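One-letter residues, chain by chain:
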Amino acid sequence: MEEGTSKYPSHCAGTEGAHGGDGDPDPFQWDTREDCEVRQILDRFADKWSLLVIALLDRRVLRFTELKREIDGVSQRMLTVTLRQLERDGLVKRTVHPVVPPRVEYELTSLGGTLHTTIRSLVTWTEQHQNEIAAAREAYDAREAAGVA
């Protein structure tokens, strides 16, 4: 068996409310198979561009050019792909206004708004623990550097 490979079978079905014997969520509930819908959705939201788009669209409508200007480092193609995926998932609504040139606006759907609430919790946790994480990284890097020397 390869290192890092679980000896426990993973399965995609029945992931809602899956718990181990001690009441903790089952760490094997998200299947590693490519066809697992839960995994596909989580992979989509773990993408840094999606998180930034959702955060920027909270409580305001933005045009494509405004989003591109606000998201440092995103290419036009990647922003287009991200917005299409979020629209397909029902998180973002795209509105095309029939003017010349066409004006396209994006906003969160009500479903997207519920995800933003979850993202806000993650950002809050990160802000509260960033110093601890920085210290842990420094300690790790020092141990690694000492091991190499």
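Scroll up a little and you will see the structure.
Residues numbered from 1 in each chain as written. Predicted model: local features only at pLDDT ≥ 70, side-chain atom pairs only at ≥ 80, totals over all residues. Heavy atoms only, no water.

What follows deals with the pairing of strand β3 (residues 103-108). Both strand β1 (residues 62-63) and β3 contribute to a ladder of two bridges, which runs antiparallel. Of the residues in β3, the one forming a bridge with Leu62 is Tyr106. Looking at chain direction, strand β2 (residues 92-97) and β3 are connected through six bridges and run antiparallel. By the bridge assignment, Lys93 is partnered in β3 with Glu107. (Pairing = 2+ DSSP bridges. Helix = DSSP H or I, 4+ residues; strand = E, 2+ residues; numbered from the N terminus.)

The omega torsion of the bond from Val100 to Pro101 falls at -10°, within 30 degrees of zero and hence cis. Tracing the backbone through its elements, the reader meets Pro101 in the loop between β2 and β3.

Bringing the layout of surface pockets into the picture now. Counted as a void, the largest pocket has a volume near 160 Å³. Along its surface, the largest pocket is lined by Glu37, Gln40, Ile41, Arg44, Arg88 and Asp89. Take the lining of the largest pocket: its biggest share by element is four residues, from helix α1 (residues 37-46). Class assignment of the residues belonging to the lining of the largest pocket gives a composition of one nonpolar, one polar and four charged. (1 Å grid on protein atoms, 1.4 Å probe; cavity = no way out; pocket = protein on both sides within 12 Å on 5 of 7 lines; lining within 4 Å. Points joined across faces, edges and corners; volume = space filled by probe spheres on them. Nonpolar A, V, L, I, M, F, W, Y, C, P; charged D, E, K, R; others polar.)

As enumerated under the stated definition, the model contains three salt bridges in all. A salt bridge links Asp58 to Arg59, with the shortest nitrogen-to-oxygen separation between them at 3.6 Å. Arg59 sits in the exposed class, given a relative accessible area of 73%. In this structure, Arg120 engages Asp58 in a salt bridge whose closest nitrogen and oxygen atoms are separated by 3.7 Å. Of the two residues, Arg120 is situated in helix α5 (residues 110-148) and Asp58 in the loop between α2 (48-56) and β1; the sequence distance between them amounts to 62 residues. (Salt bridge = Lys/Arg side-chain N within 4 Å of Asp/Glu carboxyl O. Buried < 20%, exposed > 50% of the residue type's maximum accessible area, 1.4 Å probe, protein only.)

Right, let's talk about the nonpolar core for a bit. Counting residues in each nonpolar core, the largest one holds 21 residues, and the members touching the most others are Leu57, Leu67, Leu79 and Tyr106. Elements with a contribution of two residues or more to this core: α2, α3 (64-70), α4 (76-88), β3 and α5. Sorting elements by how many residues they give to this core places α2 first, with four residues. Once you skip the residues sitting within four places of it in the chain, Leu67 turns out to touch Leu56, Leu57, Leu62, Leu79, Leu83 and Tyr106. (Core = buried A, V, L, I, M, F, W, Y, C linked by side-chain atoms within 4.5 Å. Contact = heavy atoms within 4.5 Å.)

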